[in-house]
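One-letter residues, chain by chain:
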Amino acid sequence: MDLEPVLTWWLLKEFTHIIDQANLLSDVMACETSTNKLVLINVMIFIWRARRKRIPVLIELDKRGIYMGSTQSPVCDDYLESIDHVLFLCSFAKDIWVRIFNWWGAILPPNLSFERLLDGAGQTISSPMTKDRWKAVIWIACYYIWHHRNEVVFNNINKGAAVVSNEIQIKSYEWIYNRSNKSCFDWLPWLSSPQAIGGPNANRCGIG
Ligand SMILES: [Zn+2]
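Residues numbered from 1 in each chain as written. Predicted model: local features only at pLDDT ≥ 70, side-chain atom pairs only at ≥ 80, totals over all residues.

Explain the overall build of the chain to me, please; I cannot follow it from the model alone.
Counting its regular elements, the chain contains 9 helices and 0 strands. Counted from the first residue to the last, the chain has its helices and strands arranged as α-α-α-α-α-α-α-α-α. Counting over 208 residues, the chain shows a buried share of 23%. By sequence separation, contacts in the chain at least 24 residues apart represent 52% of the contacts at least 6 residues apart. (Helix = DSSP H or I, 4+ residues; strand = E, 2+ residues; numbered from the N terminus. Buried ≥ 20, exposed ≤ 12 C-beta atoms within 10 Å, placed from the backbone. Contact = placed C-beta atoms within 7 Å.)

Pasting the structure below:
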């Protein structure tokens, strides 16, 4: 067995962990200006770093003189691995976004990016509360797409887009539920019509 690739990826995992710990405090302080009260702090930090290209994707490591044997996307092996590729352009990420947009009854726009998503691309939401939930789902989806990438790289586990998108639905419900008016936020409406919960045509708690 060739131990060199195993050792190299193990070192990358350790390196990533050390950098994460070292940057945690400063990033927590810095990302306070861009918060989303419906998601966990580690999701906020991830988004803050990703928007500033501070996630250890292979081309960013390569720019810093750390070559991992390839700069191709470990998920699709078709393109260079940038953060935009991982989160928006990779075939796996696109599959996730199609599912998320279908779930929310939204039209998936071309050329996705943080800016386009956070500007509400493809959405027609008018309720501020629903906008906050949509933004939380976007952030959580980015976080889980990156988590899936790491599962592929470090544990050789590829769960597929259907499973990961289901995890995003469950986790976003769990996190938003715990930070919302619980009596007005149920699982089945969340699965079937998340845009309609608490919207302008809704009754007191449920779906209009
Ligand atoms: Zn890819």
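Hey, could you run me through the packing of helix α7 (residues 128-155) against helix α8 (residues 161-177) in this one?
In helix packing, the relevant descriptors are the interaxial angle and the interaxial distance, both defined with respect to the helix axes. Viewed as axis vectors pointing N to C, α7 and α8 meet at an angle of 135 degrees, and their least axial separation amounts to 9 Å. Classified by the angle their axes make, α7 and α8 are oblique. Helix-helix and strand crossings are classified by hand; for α7 and α8 the assignment is right-handed. Each of Arg133, Ala136, Val137, Ile140, Ala141, Tyr144 and His148 in α7 lies in contact with α8, whose residues at this interface are Val164, Glu167, Ile168, Lys171, Ser172 and Ile176. Grouping the constituent residues of the contact of α7 with α8 by class yields 8 nonpolar, 2 polar and 3 charged. (Axes fitted to C-alpha atoms, helices over the stretch in contact; angles between N-to-C directions. Parallel < 35°, antiparallel > 145°, perpendicular 65-115°, else oblique. Left-handed = near helix turned anticlockwise from the far one by under 90°. Nonpolar A, V, L, I, M, F, W, Y, C, P; charged D, E, K, R; others polar.)

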